[in-house]
Amino acid sequence: MPLNLAAPAHHELLIKKSRFIACVEPCAGREAALARVAELRAQHAGAAHVCWALLAGGQSAANDDGEPGGTAGRPMLEVLRHQDLEGVLATVVRYFGGVKLGAGGLVRAYTDAVAQALLGAQKIPLVRRAELRCTLPYALEGLLRREIELTAGAQLLAVQHGALVEASLSLPQPAVAAFVERLQESGQGRIGWLRH
């Protein structure tokens with residue numbers, strides 16, 4: 001089962017006068033990752049590099065930010081993959097200390113910085129969510145709301161009142177089948193599911 005992080009975790013390495021400041025954190029996707037990298041560039045204006053790696057939404061991305069190709073982003077990405085992480089951004093801000101580390105030294109530094117940050121991170125199982133939409137008579141709206149309250153992790157996203165009530169909700173994927181079945185029974189088949 002893929003894992004996510006409960007909160008950001010940090011680690012700092014000092015190698016031959018170069019500072020490597022690593023952070024691993026939950027991240028929804030590429031847009032959020034690019035925004036976070038831009039934020040780090042602003043915070044660390046004097047840094048030589050802000051390298052990053054992302055695994056989110058079944059996609060991956062890595063950026064060496066001026067380091068020799070394949071010495072920063074890809075090794076960081078491999079650390080994330082090795083730990084079966086999903087929805088995670090790894091960043092390493094490097095302040096150059098004046099001593100060149102060589103390709104092997106850079107790979108080790110970026111790999112170690114991310115691996116050490118992950119040692120201090122709390123990993124949590126990633127629970128996939130499903131969005132459902134249904135239509136139901138007004139008389140059953142209370143029943144739907146009670147089921148949502150009783151189902152762990154379920155959220156009512158939106159309700160529209162027209163000829164019928166149309167509701168959008170989100171809940172953990174493993175709970176979908178039992179949730180729909182309970183409502184079908186309780187609602188005596190008068191709830192129409194638009195997608196699930």
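Residues numbered from 1 in each chain as written. Predicted model: local features only at pLDDT ≥ 70, side-chain atom pairs only at ≥ 80, totals over all residues. Heavy atoms only, no water.

Enquirer: Help me understand the overall build of the chain, please; the structure alone is not making it clear to me.
Expert: Within the chain one finds five helices and 11 strands. Taken over the C-alpha trace, the chain has a radius of gyration of 23 Å; the compact-globule value for 196 residues is 16 Å, which it surpasses by more than 25%. For the chain, the spread of C-alpha atoms along the three principal axes comes to 75 × 30 × 25 Å. By residue count, 43% of the 196 residues in the chain fall in the buried class. For the chain, the proportion of contacts with a sequence separation of at least 24, taken over those separated by at least 6, is 67%. Counting 20 positive and 18 negative side-chain charges, the chain places the averaged centre of each group 6 Å from the other. (Helix = DSSP H or I, 4+ residues; strand = E, 2+ residues; numbered from the N terminus. Rg over C-alpha atoms; globule rule 2.2 N^0.38 Å. Buried < 20%, exposed > 50% of the residue type's maximum accessible area, 1.4 Å probe, protein only. Contact = heavy atoms within 4.5 Å. Lys, Arg positive; Asp, Glu negative; His and termini not counted. Charge placed at Lys NZ, Arg CZ, Asp CG, Glu CD.)

Enquirer: How do you make sense of the packing of aromatic side chains when you look at a structure like this?
Expert: For any pair of aromatic rings, the description rests on two quantities: the centre-to-centre distance and the angle between the ring planes. Throughout the structure, instances matching the rule amount to two aromatic pairs. Between F20 and Y110, the aromatic rings sit 5.2 Å apart at their centres with planes inclined by 90 degrees, giving edge-to-face as the arrangement. Taken together, the residues span a long stretch of sequence, with F20 in strand β3 (residues 18–26) and Y110 in helix α3 (residues 102–119) at a distance of 90 residues. For F20, a relative accessible area of 0% gives the class buried. Overall, Y110 belongs to the buried group, its relative accessible area being 0%. Measuring from ring centre to ring centre gives 6.4 Å for F179 and W193, while their planes differ by 70 degrees; the resulting arrangement is edge-to-face. Of this pair, F179 sits in helix α5 (residues 176–186) while W193 sits in strand β11 (residues 192–195), and the two are 14 residues apart along the sequence. A single burial state applies to F179 and to W193, both of which are buried. (Phe/Tyr/Trp six-rings, centres within 6.5 Å; stacked < 30°, edge-to-face > 60°.)

Enquirer: Would you mind showing me how to read the sheet that holds β3 here?
Expert: Backbone hydrogen bonds are what pair the strands of a sheet, in a parallel or an antiparallel way. Taken in spatial order, the five strands line up as β2-β3-β6-β4-β5 in an open sheet, and their pairing is antiparallel. Either end of the sheet is taken by a strand with one partner, and the two such strands are β2 (9–15) and β5 (59–63). Between one strand axis and the next, the sheet turns by 10 degrees as a mean value, whatever way the strands run. Pairing between strand β4 (residues 49–56) and strand β6 (residues 88–95): seven bridges, direction antiparallel. (Pairing = 2+ DSSP bridges. Axes fitted to C-alpha atoms, helices over the stretch in contact; angles between N-to-C directions.)

Enquirer: I keep staring at the packing of helix α2 (residues 73–82) against α3 and nothing clicks. Help me out?
Expert: A pair of packed helices is characterised by two quantities: the angle between their axes and the separation of those axes. Running from N to C, α2 and α3 cross one another at 35 degrees; their axes reach a closest spacing of 8 Å. Note that α2 runs across α3; the crossing there is right-handed. Between α2 and α3, the contacting residues are P75, M76, V79 and L80 on the first element and V107, Y110, T111, V114, A115 and L118 on the second. Taken together, the residues of the contact of α2 with α3 break down into nine nonpolar, one polar and no charged. (Left-handed = near helix turned anticlockwise from the far one by under 90°. Nonpolar A, V, L, I, M, F, W, Y, C, P; charged D, E, K, R; others polar.)

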